[in-house]
Amino acid sequence: MRYRLDLAYHGRDFHGWQLQPGLRTVQGELETWLGRLLRVGSPVAVTGAGRTDTGVHAAGMVAHFDTDVDVVPDELLERLRRALPPDLVVISVVPVDPTFHARCNATGRRYSYRIATRPTPFGRDRHWLVTAPLERRLLDDAAAVIVGNRDFSGFCRAASRKESSLCCVTESSWQSEKELLVYHVRADRFLHEMVRLLVGTMVDIARGRFGSERMSDVLTTGDVRLCGEAAPPHGLTLEAVDYGMGRP
C-alpha cells in the first residue's frame, strides 16, 4: 500500500529535506522513525514533493511511502506525533492509489517569504530583518515582472541548474502583515535558491541599490551575477503543494 503524508517542519535545525549521510534531515528523520514504528528492521523510503534547503521551513510539505505492513492510518499518525521531535509534525496519513507520486504528480508549489521592517522579538527565526527603507511600489512592480512562463536561469545557482530552467509563475505579490512584508509566489516548479534570489534582488531594487529594470535584465540575460544576494533561508516557507486544478 502507498500512503500520503502531509507534514510541517521548522527548518532551523535540519540540513534540508534530502537524506544526507551524517546530517540531520527531514527525510532522514521520517525514514528512520517509520522503519521503527512499522517494525520492518530498516528505514522506510520516503519520497517528498521537493527539496527544501538548510534552514527553510515547510507548512505544507507532501510525501509518500510504500509498505506491505498493515497500517491503521490514524494509529500511525498518533504514533508518529508522539515519536517525532517537536520541529517535525505529521499532519495526516492517508492511503492513496499506487499511482500517486508526491513529486511527479505535483502541479505547483507555493512559497512565502517574510521580511520584518523593524526589530521585533517575535518570530526572529522565521523572518529576515531589513531595517533599510523599502519602497513598496518598487517591490510590487518587481514582483509583477516575473509572472508567466519564463526562463529563470538567471535566478538559479549555475552549479545546480536542472535540465530545464523554464518555470510558470502564476502568483507573485507582496502583502503587508503588521510589521512584516510577506512575499507570496506560486509556480509549477522552482529552481535551486530561486525564491531567495528573487527576494534578495527585489529588496535591493526597493532600497535603491538596483534600478527598476534589474528584474527584467536578469530574466533576459540569464546572468545570476546581476542578482542581489540570496535572501537568508530562515525567512522562507513552503506553504503548499498543489495536485491538479491548482488546489493542495
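Here's what I pulled together on the structure shown here. As the structure is a prediction and not an experimental result, all values here were calculated from the model.

### So, the overall build of the protein chain
On a plain count of helices and strands, the protein chain comes out with five helices and 10 strands. Taking 2.2 N^0.38 as the reference for a compact globule, 248 residues should give roughly 18 Å; the C-alpha atoms of the protein chain span a radius of gyration of 19 Å, in line with that estimate. By principal-axis analysis of the C-alpha atoms, the protein chain measures approximately 60 × 40 × 35 Å. Expressed as a percentage of its 248 residues, the buried residues of the protein chain come to 52%. Taking all contacts inside the protein chain whose residues are at least 6 apart in sequence as the whole, residues at least 24 apart take part in 70%. Side chains of the protein chain carry 32 positive and 31 negative charges; the gap between the two charge centres is 2 Å.

### Here we look at the pattern of salt bridges
Counted according to the given criterion, the structure contains 17 salt bridges. Glu29 is paired through a salt bridge with Arg24; the nearest N and O atoms lie 2.9 Å apart. Judged by relative accessible area, which is 16%, Glu29 ranks as buried. Where Asp87 meets Arg24, a salt bridge forms, and the shortest distance between an N and an O atom there is 2.9 Å. Of the two residues, Asp87 sits in the loop between helix H2 (73–83) and strand S4 (88–96) while Arg24 sits in the loop between strand S1 (2–9) and helix H1 (26–38), which places them 63 residues apart along the sequence. Judged by its relative accessible area of 16%, Asp87 falls in the buried class. Taking the relative accessible area as the measure of exposure, Arg24 reaches 26% and is therefore partly exposed.

### Some thoughts on the side chain of Arg189
If you trace the backbone, Arg189 turns up in the loop between strand S9 (180–187) and helix H4 (194–206). Using a relative accessible area of 18% as the deciding quantity, one classes Arg189 as buried. Within polar-contact distance, the side chain of Arg189 engages the backbone oxygen of Ser164 at 3.0 Å. Looking at Arg189, its side chain comes within polar contact range of the main-chain oxygen of Leu166, at 2.8 Å.

### So, the environment of Phe210
Among the secondary structure elements, Phe210 is positioned in the loop between H4 and helix H5 (214–221). The class of Phe210 is buried, set by a relative accessible area of 12%. For the pair Phe210 and Pro233, spaced 23 residues apart in sequence, the C-alpha to C-alpha distance is 22 Å. Among residues more than four places away in sequence, those in contact with Phe210 are Thr201, Asp204, Ile205, Leu226, Cys227 and Gly228.

What counts as what
Residues numbered from 1 in each chain as written. Predicted model: local features only at pLDDT ≥ 70, side-chain atom pairs only at ≥ 80, totals over all residues. Heavy atoms only, no water. Helix = DSSP H or I, 4+ residues; strand = E, 2+ residues; numbered from the N terminus. Rg over C-alpha atoms; globule rule 2.2 N^0.38 Å. Buried < 20%, exposed > 50% of the residue type's maximum accessible area, 1.4 Å probe, protein only. Contact = heavy atoms within 4.5 Å. Lys, Arg positive; Asp, Glu negative; His and termini not counted. Charge placed at Lys NZ, Arg CZ, Asp CG, Glu CD. Salt bridge = Lys/Arg side-chain N within 4 Å of Asp/Glu carboxyl O. Polar contact = N/O pair within 3.5 Å; in protein donor to acceptor, adjacent residues only side chain to side chain.

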